[in-house]
Amino acid sequence: MTAAPLLATRNLRKHFSLRGGLLHRVQAVVQAVDGVSFEVHAGETLGIVGESGCGKSTTARLLMRLVTPDAGDVVFDGAPVGRPGGLGLRDLRRQMQMVFQDSYASLNPRLPAAMSIAYGPLVHGVPRSSALKRAAGLLEAVGLRPELFANRYPHELSGGQRQRINIARALALEPRLLILDEAVSALDRSIGAQVLNVLIDLKRRFNLTYVFISHDLDVVQFVSDRVMVMYLGKVVEIGPVEEVYGHPRHPYTRALLSAMPSMDPDHRIQQAPLGGDPPNPINPPSGCRFRTRCAFAEDVCARREPPLGGVPGPLTVRGGLTPPSCSPAHDAACHMLVPGSGHTRAA
Amino acid sequence: MATTPADGALPLLLPDEALARARAGNSYWKNVWERLREDKVTIAVTLVLLAIILLAVFAPLVVWHDPLVGSAFTRLKPIGTERHWLGTDEVGRDLWARMVYGGRLSLLCGVLPVFLALLAGGSLGILAGFTGGFLNSAIMRSMDVLYAFPSILLAIAICGILGSGLGNTILALTVTFIPPMVRISESVTAQVRSLDFVEAARASGSRTLPLLRYHVLNNVLGPILVFAASLISISMILAAGLSFLGLGATPPHPEWGLMLNNLRPAIWVAPMTAALPGVMIFLTSMSFNLMSDGLRQAMDVRL
């Protein structure tokens, strides 16, 4: 894969200020996402995993521009988003859509299913009748008979049906990329599996690219081509799914994967690999953010921040250069992997 | 047609009918209507209200006395007197006529200020709740200034400054009701705005106006209207109070609060007659209150 990525981010950063007190002054800063760079290629599924609070959802909202980044760029199909000469927000949102975790809260309780789906095309100037026709087609595509479900209201539907409608809604603008933010996490295991199958089927049918965000390692392994592991607002490891799951490099990824329940009685989990909660993102640890919970932490980990694999290539603008570090690369941000970093375990 | 199994289990719909029902869908308002129909109290008070409103509207048709003309020979007749079945007041005017005509003014004083406050306060509140930030602070803090006065005091103060009269009463009550109206609509809107479906609508590239129309207004109008309905009774009571104090409707026009005041000295002579306007105020405001309660319950669909 040497083509330019469909979606790329460079040093994306979002810090939320917590204000308080009489004068509304900034009391603390939550470093929700701090310098995140990755690429998504057309047709693949990038899984993003991490504990809650690691910045997965903020990353999704940054990609959609539902929150404005403090710094960094999002480049969609070679065009920088929200920059002069780049891609406008309305155009971006026609090409990139999102499915939210809470299937109930993300549907307007006062609109019937068909209207919820048709709303996007409607506000983009598609006439009402053809928007509704498109909605019926999409209901069919997500496995709901339009004649039964078009006029239903959210409170008349089950969680799985609602999430299917959310997916149909996201597809109504015929986007090229879909962000699935914990899209099946709130569903029952069996219902979630059905919705997952619908998603896989739709991806093939409409040539979609997915960014699949979840805390569920099994699900991510099942759907993803590549996986990105986040910890406290940073990317700690990224690579092809077999590589990351088979040969995890970062100690955090290893800890995360060893916490996966195993179906094989010969491979029982012997001890809890990670204790405690992630540190507060208001005052993250210096250097490597994982060092406070890492069994291999040394002085160097507190002093310097480990780089993520190679240096990220230059921004790829349409017709420009392709960055040297392309998708099959498997990178992890740990001093142990960098020769001469000063860590005793480094080669 | 439903087939009923012999052992009294739940009746099952025939497939055709089930399909037809599913096709039709259950719209929100249809649901509300179905629940309202079950609620006997709400139905009853709504009928009472309808009767009062119809009487006031068609007053000339149900009354055979001039409400403004009295007679010294028929003062303070008791209830059940021939030709004056509700009796007469302290200057011999027919109470039935005054009660019916008084309903016109009293209902107007109850409904119009609330309606005006709904328009002004509702739109201000939705604006504040939807935009947030500086505009929100500006609007809400200026409402807080008005909130500092107890509502009756504010109404009295405004009426006292502007002088008595129906127009001034309505204006005073409107100003009094704007702050609570703004506060309710602001909080409902802010709540709706933070829900995922609004974010999803923004994510689909919607501009602000359709977003407001399809996603925000839809969801905030119900609670705001219910609150407004509950204000009507307060408005009526305040208007009656203002008239009672001599700040509202001017004599000899019939208005329930004013009538209550005028009949006050007669309470020892003809207590039933003197209480009648009070009974009407109580009945009407109670009905509005119970109706808004019933509406709120019926509209609270979170199945």
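Our subject in this report is the structure included herewith.

About the criteria used
- Residues numbered from 1 in each chain as written.
- Chains lettered and ligands numbered in written order.
- Predicted model: local features only at pLDDT ≥ 70, side-chain atom pairs only at ≥ 80, totals over all residues.
- Helix = DSSP H or I, 4+ residues; strand = E, 2+ residues; numbered from the N terminus.
- Rg over C-alpha atoms; globule rule 2.2 N^0.38 Å.
- Contact = placed C-beta atoms within 7 Å.
- Nonpolar A, V, L, I, M, F, W, Y, C, P; charged D, E, K, R; others polar.
- Pairing = 2+ DSSP bridges.
- Axes fitted to C-alpha atoms, helices over the stretch in contact; angles between N-to-C directions.

## Notes on the overall build of chain B
Logical step 1: On a plain count of helices and strands, chain B comes out with 12 helices and 2 strands.
Logical step 2: Ordering the α and β elements of chain B from the N terminus gives β-β-α-α-α-α-α-α-α-α-α-α-α-α.
Logical step 3: Against the 2.2 N^0.38 benchmark of 19 Å for 303 residues, chain B shows a C-alpha radius of gyration of 24 Å, more extended than a compact globule.
Logical step 4: Overall size of chain B, expressed as C-alpha extent along the three principal axes, is 75 × 65 × 30 Å.
Logical step 5: For chain B, contacts bridging at least 24 residues in sequence account for 67% of all contacts bridging at least 6.

## Details of the interface of chain B and chain A
Logical step 1: Contacts between the two partners involve 26 residues from chain B and, on the opposite side, 29 residues from chain A.
Logical step 2: Put simply, the parts of the chain that give the side of chain B that touches chain A at least two residues each are α1 (15–24), α9 (196–203) and α10 (208–244) of chain B.
Logical step 3: At 7 residues, the largest contribution of residues to the side of chain B that touches chain A is made by α9(B).
Logical step 4: In terms of residue class, the side of chain B that touches chain A is made up of 12 nonpolar, 8 polar and 6 charged.

## Observations concerning the environment of B:Ala240
Residues and elements named next belong to chain B.
Logical step 1: Tracing the chain through its elements places Ala240 in helix α10.
Logical step 2: Put simply, Ala240 and Ile139 are 101 residues apart on the chain and 30 Å apart in space, counted from C-alpha to C-alpha.
Logical step 3: Residues within four places of Ala240 in sequence aside, it is in contact with Ser106, Trp256, Gly257, Leu260 and Ile281.

## Let's talk about the sheet that holds strand β11 (residues 331–332) of chain A
Residues and elements named next belong to chain A.
Logical step 1: Strand order in the open sheet formed by 7 strands is β6-β7-β8-β3-β9-β10-β11, with mixed pairing between adjacent strands. Because the sheet does not close on itself, it has two edges, and the strands there are β6 (96–99) and β11.
Logical step 2: Relative to strand β9 (residues 226–231), strand β3 (residues 45–49) runs parallel, the two sharing 4 bridges. When the sheet's bridge partners are listed, Ile48 is paired in β9 with Met228.
Logical step 3: This element, helix α1 (residues 56–64), spans β3, β6, β7 (177–181), β8 (209–213) and β9 of the sheet and lies at about 150° to β7.

Remember that the coordinates give geometry; whether it matters functionally is a separate question.
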